[in-house]
Amino acid sequence: MSGITGQVIRCKAAVAWEAGKPLVMEEVEVAPPQKDEVRIKILFTSLCHTDVYFWEAKGQTPLFPRIFGHEAGGIVESVGEGVTELMPGDHVLPIFTGECKQCRHCKSKESNMCELLRINTDRGVMLSDGQTRFTINGKPIYHFLGTSTFSEYTVVHAGCVAKINPAAPLDKVCVLSCGFSTGFGATVNVAKPEKGSTVAIFGLGAVGLAAAEGARVAGASRIIGVDLNPNRFETAKKFGVTEFINPKDHDKPVQQVIIEATDGGVDRSVECTGSISAMISAFESVHDGWGVCVLVGVPNKDDAFKTHPVNFLNERTLKGTFYGNFKPRSDIPKVVEMYLKKEVELDKFITHEVDFADINKAFDYMLQGESLRCIIRMQS
């Protein structure tokens, strides 16, 4: 790689030219990393529902042309000025949020919401100079979440890059960049169920199944999956879910069903849908005195959470979480080690694989509800 260090790289990228239209494989120019940046050769990336949401331009200001992608694994090609903790050849996971290690949030043991590098869905340029590192014939192509991993090479702020054990297979651990860590961390870092406890998971998509995996790892005795789609239960069993409740099968609120089935409520609940009614149900389904509910799903901007204050006075706790409360650079390498020790299972999340040239198939699989995670191989 030393022959291209400091030079513009021309490579393939899947460019979204407009909302909802198939990505187009283009040759793009990728500029060298500037101060506090690294250029990464992406080897594997995967498709997350967040990519699809912003590709469809739902509920936000559209920004095109853009290179999407934020779950990936790769190798550092070169580093910019001031980067000391990364070097060419390092195996890394680029992550949509960062850890500057200097701000109040990064120095806090409780927060992972870095003041400098926290997620910004609107920004399509780099922090250091407000410019893009991607161009086509000199015209800018916008970044997405500071990662843009649907490109053979990308440039990322060094604070958004987790250096990991090179023994870890990048085609598996790349899913730690977003969805898995969000759900898994919501359970193990925030809900913190004790061994033998009861846990309800609302929503059995990829994030919800990761939350269930967290409950399984924690030793929960009952893991109750709540979802409107009965076809998800068989898959959920692989992630430790022991029981399934479909709210449509009952003529009473699902929280009442759970309370009656668990002698007063579950010890912990994790909500992974973004539905405001599911959020309220998840909170009201935990036991008084010690029950904790964790909200993961992102609601609509005009939603309001309504419950009786007595639910709090009776010592139920409601928490929210961002990226499972993981600090990207400090904590994600530890989760990689857990995978290598077989303490967590990632392979079962990967349901499909495609070559980079077929990236639009990954969108089809997700839109049709067929995939949890589709791995995209950047090199055939």
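Residue numbering note: each chain is counted from 1, following its sequence as written. Local features are withheld for residues below a pLDDT of 70 in this predicted model, meaning they are given only at 70 or higher, and side-chain atom pairs are given and counted only at 80 or more; totals for whole chains, interfaces and linings count all residues. Hydrogens and water molecules were not included; the side-chain quantities draw on all heavy atoms of the structure.

(A) Summary view of the sheet that holds strand β13 (residues 268–271). Here six strands make up an open sheet; going across it, the order is β12-β11-β10-β13-β14-β15 and the pairing parallel. The open sheet is flanked by β12 (243–245) and β15 (317–320), the only strands paired with a single partner. The mean inter-strand angle of the sheet, taken between neighbouring strand axes irrespective of direction, is 20 degrees. The pairing of strand β10 (residues 198–202) with β13 spans four bridges and is classified as parallel. Counted as the bridge partner of F202 is E271 from β13. Should any heavy atoms of two residues lie within 4.5 Å, those residues are counted as being in contact. Simply put, an axis is a line fit to the C-alpha atoms, just over the touching stretch for a helix, and the angle between two N-to-C directions goes from 0 to 180 degrees. Runs of H or I in DSSP of at least four residues are treated as helices and runs of E of at least two as strands, each being numbered from the N terminus. Relative to β13, helix α4 (residues 179–191) is tilted by about 145 degrees, and along the sheet it contacts β13, β14 (292–295) and β15. Where helix α5 (residues 206–218) meets the sheet, it contacts β10, β11 (222–226) and β13, and its direction lies at approximately 170 degrees from that of β10. Strands pair, by our definition, only if DSSP identifies at least two bridges between them.

(B) Spatial organisation of the packing of aromatic side chains. Each aromatic pair joins two rings of Phe, Tyr and Trp (for Trp, the six-membered one) with centres within 6.5 Å, and gets the label stacked for planes under 30 degrees apart, edge-to-face for over 60, and tilted for any other angle. Scanning all chains against the criterion turns up 15 aromatic pairs. Where F96 meets F322, the ring centres are 6.0 Å apart and the plane angle is 90 degrees; that geometry is what we call edge-to-face. In this pair, F96 is assigned in the loop between β5 (91–94) and α2 (104–107) and F322 in the loop between β15 and α10 (328–340), connecting sequence segments 226 residues apart. Ring-pair connections join several aromatic residues into one group, and the members of that group are Y53, F54, F64, F68 and F144.

(C) Main features of the side chain of D267. Note that D267 resides in the loop between α7 (254–261) and β13. Between buried and exposed lies partly exposed: a residue is buried under 20% and exposed over 50% of the maximum accessible area for its type, with that area taken using a 1.4 Å probe on protein chains only. A positive count includes Lys and Arg, and a negative count includes Asp and Glu. His and the chain ends are not counted in either. Each reported salt bridge corresponds to a side-chain nitrogen of Lys or Arg within 4 Å of a carboxyl oxygen of Asp or Glu. Look at D267: it is buried, it has no salt bridge, and the nearest opposite charge is R268 at 5.7 Å. A polar side-chain atom of D267 sits 2.8 Å from the main-chain amide nitrogen of T198. Whenever a nitrogen or oxygen atom comes within 3.5 Å of another N or O atom, the pair is scored as a polar contact, on the condition that within protein one atom can donate a hydrogen and the other can accept it, and that pairs from neighbouring residues in sequence are kept only if both atoms are in side chains. Polar contacts involving the side chain of D267 include one to the side chain of W290, which spans 2.8 Å. Aside from chain neighbours lying at most four places away, what touches D267 is S197, T198, W290, G291 and V292.

(D) Spotlight on the packing of α4 against α5. Remark: α4 packs on α5, axes separated minimally by 7 Å, with the N-to-C direction vectors making an angle of 40 degrees. In terms of orientation, α4 and α5 fall into the oblique class. Taken as a pair, α4 and α5 cross one another with a handedness that is right-handed. For the pair α4 and α5, contact is made by G179, F180, T182, G183, F184, T187 and V188 and by V207, A210, A211, E213, G214, A215 and V217, respectively. The class makeup of the residues in the contact of α4 with α5 is eight nonpolar, five polar and one charged. Any angle from 65 to 115 degrees is called roughly perpendicular, while one under 35 is roughly parallel, one over 145 is roughly antiparallel, and all others are oblique. The crossing is said to be left-handed when, going from far helix to near helix, the turn is anticlockwise and less than a right angle, and right-handed when the turn is clockwise. Lys, Arg, Asp and Glu make up the charged group, whereas Ala, Val, Leu, Ile, Met, Phe, Trp, Tyr, Cys and Pro make up the nonpolar group; the residues left over, Gly among them, are polar.

(E) How the structure looks around the pattern of salt bridges. Per the stated rule, a full pass over the model turns up 22 salt bridges. Salt-bridge contacts for K101 lead to E85; the nearest nitrogen and oxygen are separated by 3.6 Å. Of this pair, K101 sits in the loop between β5 and α2 while E85 is found in the loop between β4 (71–79) and β5, placing the two residues 16 residues apart along the sequence. K101 sits in the partly exposed class, given a relative accessible area of 32%.

(F) The arrangement of α7 in detail. For α7, every residue scored as buried is listed here: V254, Q255, V257 and I258. End-on, the buried residues of α7 take up no more than an arc of 155 degrees, which puts them together on one face. In this structure, the buried residues of α7 make contact with β10, β11, β12 and α8 (276–284). Looking one or two residues past α7, D263 carries a phi angle of roughly 60 degrees, positive in sign. In this description, one arc is meant: the one made by directions from the helix axis to the C-beta atoms.

By themselves, these are just geometric observations and shouldn't be taken as functional.
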